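Results of the structural survey
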Amino acid sequence: MTENLEQIAGSIRKVALEAVYNGRSGHPGGSLSIADMLAVLYFDEMNVKPDDPDWKQRDRFVLSKGHACPALYAALALKGYMPVEEAKTLRKIDSRMEGHPDAAIPGVDAPSGSLGMGLSQGLGMAMGARIQGLDFRTYVILGDGDMQEGNTWEAIMAAGHHKMDSLVALYDSNKLQGDAPVETQMNMGNVVDKVSTFGWHTISIDGHDVDALKAALAEARATKGRPTFIQADTVKGKGVSFMEDVLYWHGSVTMSDAEIGDALKELEHV
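These lines cover the structure that appears in this document, whether it is placed above or below. (Residues numbered from 1 in each chain as written. Predicted model: local features only at pLDDT ≥ 70, side-chain atom pairs only at ≥ 80, totals over all residues. Heavy atoms only, no water.)

This brings us to the side chain of His250. Within the secondary structure layout, His250 lies in the loop between strand 5 (228–233) and helix 11 (257–267). The class for His250 is buried, based on a relative accessible area of 13%. The residues touching His250, leaving out its near neighbours within four places in the chain, are His27, Pro28, Gly29, His67, Gln177, Gly178 and Lys236. (Helix = DSSP H or I, 4+ residues; strand = E, 2+ residues; numbered from the N terminus. Buried < 20%, exposed > 50% of the residue type's maximum accessible area, 1.4 Å probe, protein only. Contact = heavy atoms within 4.5 Å.)

Following this line, the structure appears as structure tokens:
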């Protein structure tokens, strides 16, 4: 199963990069860093029905760092929500695959654009489930920029106070932002310690280790009375040697024919 999830993550990376290449713009670095998380969420953890995307009992997912949507579209397509070729039509004028997720796209539970909004949206979904007596779970992927927004910390405080144990936040800590490394842009110190202060169960893992991701999500499911925050240590541009830890590949970039060719060759070995 581990090998299969790693292969799925590799496929997510390939489709996402092809989408960025075809769109002549996009954010490859952060899309590659969340591919393993998306593979585990959609192909092992979450209870969803691609043939019934509005199923009331489905688990919910929010991509707060919406610029990484090429990876989300790839995961949704590989799961069966849409043809894979459609996921590659990123930012085309006649395509549903917008530069940030839109709720009109099958499988997208919340729109995202400005950073810092996603955890509040996820908290609202989790609280709605509690009020309605539903048992679905809600997952939110946050980026470094999200963790620098006040709205995120308001949601952290509220979720801990209300003991929202059906809510899981996965922090894609790839340590590079659009203009500079995170420690230069705005050093946040020990994020896990800060989050735990507000009543969250916290876990720190290698965000590219699918077994560690599975174990962390299982631990989150077993944790009662507290939401779970998973700090996933990741590499921006993971899987493509010339993109890894290189600020330029944050986005929005136009990939050359040679660059997409070289990237796909590397990913063929996954």
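Spanning 12 residues, helix 7 (residues 150–161) covers 17 Å between terminal C-alpha atoms, matching the ideal 16 Å at 1.5 Å per step. Listed in full, the buried residues belonging to helix 7 are Thr152, Trp153, Ala155, Ile156, Ala159 and Gly160. The arc that holds the buried residues of helix 7, viewed along the axis, is 155°, so those residues lie on one side. Residues of helix 7 that are exposed and point over 90 degrees away from its buried face: Glu154 and His161. (Expected span 1.5 Å × (residues − 1). Arc of directions from axis to C-beta.)

On to a negative patch on the surface. Together, Glu3, Glu6, Asp206, Asp209 and Asp211 give the surface a local cluster of negative charge. We classify Glu3 as exposed; its relative accessible area is 56%. (Patch = residues over 30% accessible without salt bridge, like charges linked within 9 Å, V, L, I, M, F, W, Y side chains within 5 Å. Areas by Shrake-Rupley, 256 points an atom, 1.4 Å probe, with all protein chains shown as cover. Salt bridge = Lys/Arg side-chain N within 4 Å of Asp/Glu carboxyl O. Lys, Arg positive; Asp, Glu negative; His and termini not counted. Charge placed at Lys NZ, Arg CZ, Asp CG, Glu CD.)

What follows concerns the environment of Lys214. Mapped onto the secondary structure, Lys214 falls in helix 10 (residues 210–222). For Lys214 and Asp44, which are 170 residues apart along the polypeptide, the C-alpha to C-alpha distance reads 7.8 Å.

This part is about the sheet that holds strand 5. Pairing is parallel across the open sheet formed by 5 strands, whose spatial order is 1-2-3-5-4. Every interior strand has two partners, whereas the edge strands, strand 1 (60–63) and strand 4 (201–206), have only one. Between one strand and the next, the sheet's axes are offset by a mean angle of 15°, whatever the strand orientation. Sheet topology places strand 2 (residues 138–142) next to strand 3 (residues 167–173); 5 bridges connect them, and they run parallel. By the bridge assignment, Ile141 is partnered in strand 3 with Leu170. Packed on one face of the sheet, helix 10 meets strand 2, strand 3, strand 4 and strand 5 and runs near 170° to strand 4. (Pairing = 2+ DSSP bridges. Axes fitted to C-alpha atoms, helices over the stretch in contact; angles between N-to-C directions.)

Moving on to the pattern of salt bridges. One pass over the structure, following the stated rule, counts 9 salt bridges. Note that Lys14 and Glu268 form a salt bridge whose closest N and O atoms lie 3.7 Å from each other. Residue Lys14 is found in helix 1 (residues 2–23), and its partner Glu268 is found in the segment after helix 11; the two are separated by 254 residues along the sequence. The exposed category is assigned to Glu268, whose relative accessible area is 53%. With a closest N to O distance of 3.2 Å, Glu85 and Lys88 form a salt bridge. Put simply, Glu18, Glu85 and Lys88 are held in one network by salt bridges that share partners.

This part covers the packing of helix 3 (residues 35–45) against helix 10. Helix packing geometry: the angle between the two helix axes and the distance between the axes. Axis separation between helix 3 and helix 10 bottoms out at 10 Å; the angle between their running directions is 55°. Considering the angle they form, helix 3 stands oblique to helix 10. In the packing of helix 3 onto helix 10, the handedness of the crossing is right-handed. Taking contact as the criterion, the partners of Asp36, Met37, Val40, Leu41, Asp44 and Glu45 in helix 3 are, on helix 10, Val210, Leu213, Lys214, Leu217 and Arg221. Per-class residue counts for the contact of helix 3 with helix 10 are 6 nonpolar, no polar and 5 charged. (Parallel < 35°, antiparallel > 145°, perpendicular 65-115°, else oblique. Left-handed = near helix turned anticlockwise from the far one by under 90°. Nonpolar A, V, L, I, M, F, W, Y, C, P; charged D, E, K, R; others polar.)

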